[in-house]
Amino acid sequence: MKEVAPGIYWVRMPLPFALEHINLWLLADGEGWTVVDCGYATAPTRAAWERIFAQHLAARPVTRLIVTHCHPDHIGLCGWLCEKFGLMPWTTQSEYLLAHAYYHRIGGADHAALVALHERHGLARGKLAAVNWREDHYRRGVPALPGAFRRIAHGDKFEIGGNSWQVIVGHGHSPEHAALHCEALGVLISGDMLLPRISTNVSVWPMEPEGDPLGEFLASLKHFMVLDAGTLALPSHGLPFRGIHERVAELKRHHQSRLDRLVAVCERPATAAELLPHLFKRKFDDYQLVFAMGEAMAHLNYLMHRGALKRTADPDGIYRFVRRVAIA
Ligand SMILES: [Zn+2]
């Protein structure tokens, strides 16, 4: 546990996939502690938590748990932590409900829907067999969820350890991601909305195949531009950093360059799967392929909704995207 700002402690927990770690935050909060995010449910993460509870909390209990969003590395041990300390998680309504949809595989959060979406977007059937990670994926990381929550929403303010914190909701990475900002301390717990090195995943998911998560994500970034330029960002992955305005500008440039590339190559009709090599230089394992396809669909939907690309469907229902050209 490392103190990164007065009363704010950084804990790093292992992850059993490519990202390797997640950062969690413990905030001294009067007679207890506020914890932000839970970690993925593995034995090493539980053991790390037990060590923290035994050795680092000065015999004070966890009195509040805030969950930034429903992804398994963030909400994973929520049920376990809540039961241990008799808590309800503080989170946004959409994240709470979507966590339950994923957990119960309902409302389009099931494997068949994922396969169907990828097939429509041109992923070959052989490839689809490999894309089977979601079937048990969520419950592996999130073995239990509480049956009630305390709602937080954009703009909400509450006190933690004598300081006022404000909720900044972001969309596009997950439906209602909660970042937390403390003006007095100059600290932003940015969750997955602002990461220092990798760009946050922004994907179309089967639940909302016509969605515009990239448009939502880019629009959400404006909330970080009004914060003080010297704000210390505490991200969920990577190292704490300063320079949030520059990071937002970089992310915008990154997505714009992908959009420009797609418009350029969609001179001929192409599926999302066919366009992957134009967006990503590296090869993917099965797990990463789902995120890469999701990103490709997010950029294509963005361009389609703004009229830059037109989407066609062949008799098998396969989607292709082509540039709208004014023919002289
Ligand atoms: Zn996430």
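Reading the values: rules and limits
- Residues numbered from 1 in each chain as written.
- Predicted model: local features only at pLDDT ≥ 70, side-chain atom pairs only at ≥ 80, totals over all residues.
- Heavy atoms only, no water.
- Helix = DSSP H or I, 4+ residues; strand = E, 2+ residues; numbered from the N terminus.
- Expected span 1.5 Å × (residues − 1).
- Buried < 20%, exposed > 50% of the residue type's maximum accessible area, 1.4 Å probe, protein only.
- Donors = N, O, S within 2.8 Å, 3.2 Å for Na, K, Ca; no water.
- Tetrahedral: all angles 85-135°; square planar, octahedral: opposite > 155°, others 65-115°.
- Salt bridge = Lys/Arg side-chain N within 4 Å of Asp/Glu carboxyl O.
- Pairing = 2+ DSSP bridges.
- Core = buried A, V, L, I, M, F, W, Y, C linked by side-chain atoms within 4.5 Å.
- Contact = heavy atoms within 4.5 Å.

Participant: When you look at helix α12 (residues 286-305) in this model, what are you seeing that I'm missing?
Facilitator: Spanning 20 residues, α12 covers 29 Å between terminal C-alpha atoms, matching the ideal 28 Å at 1.5 Å per step. Burial within α12 is extensive, with 16 of its 20 residues counted as buried. Two residues or fewer past α12, G307 is found with a positive phi of approximately 85°.

Participant: Can you help me understand the coordination of the zinc ion in this one?
Facilitator: For a metal with four tetrahedral donors the ideal donor-metal-donor angle is 109.5 degrees, whereas six octahedral donors ideally subtend 90 or 180 degrees. Taken together, the protein ligands of the zinc ion are H69 (NE2), H71 (ND1), H173 (NE2) and D192 (OD), with distances of 2.1 to 2.2 Å. Around the zinc ion, the 4 donor atoms are arranged such that angles at the metal cover 91 to 172°; this shape is classified as irregular. If you list the donors of the zinc ion from N- to C-terminus, the spacing comes out as H-x1-H-x101-H-x18-D. On the criterion of sequence distance, the pair formed by H69 in the loop between β5 (62-66) and α2 (72-75) and D192 in the loop between β11 (187-191) and α8 (213-220) is long-range, its members being 123 residues apart. For the pair shown, H69 and D192 are each scored as buried.

Participant: Looking at this model, I keep getting lost on the pattern of salt bridges. Mind explaining?
Facilitator: Oppositely charged side chains can form a pair if their charged atoms are brought close together. Across all of its chains, the model carries 7 salt bridges by this definition. Measuring nitrogen to oxygen at the nearest pair gives 3.2 Å for the salt bridge that ties E210 to R311. On the criterion of sequence distance, the pair formed by E210 in the loop between β11 and α8 and R311 in strand β14 (residues 309-313) is long-range, its members being 101 residues apart. Among the salt bridges present, the one from D314 reaches R320, with a minimum N-O distance of 3.4 Å. On the basis of relative accessible area, D314 is assigned to the partly exposed category, the value being 26%.

Participant: Can you walk me through the sheet that holds strand β13 (residues 241-242) in this structure?
Facilitator: Adjacent strands of a sheet form backbone hydrogen bonds with each other and so pair up, either parallel or antiparallel. In space, the 6 strands of this open sheet follow the order β8-β9-β10-β11-β12-β13, with mixed pairing throughout. The open sheet has two edge strands with one neighbour each: β8 (157-160) and β13. Of the pairings in the sheet, the one linking β8 to strand β9 (residues 163-170) comprises 4 bridges and is antiparallel in character. Each residue of the ladder has a partner; that of K157, found in β9, is Q166.

Participant: Please explain the nonpolar core as it appears in this structure.
Facilitator: Generally speaking, nonpolar side chains in soluble globular proteins are found buried as a group. Counting 43 residues, the largest nonpolar core has L188, L194, L221, F224, M293 and L300 as the members making the most contacts within it. When contributions to this core are tallied by element, the ones reaching two or more residues are α8, α10 (244-265), α11 (272-279), α12 and β15 (319-323). For this core, the element with the highest residue contribution is α12, accounting for 10 residues. With near-sequence residues (within four places) excluded, M293 lies in contact with H118, H121, L123, A272, A273 and L276.

Nothing here speaks to function; it is geometry throughout.
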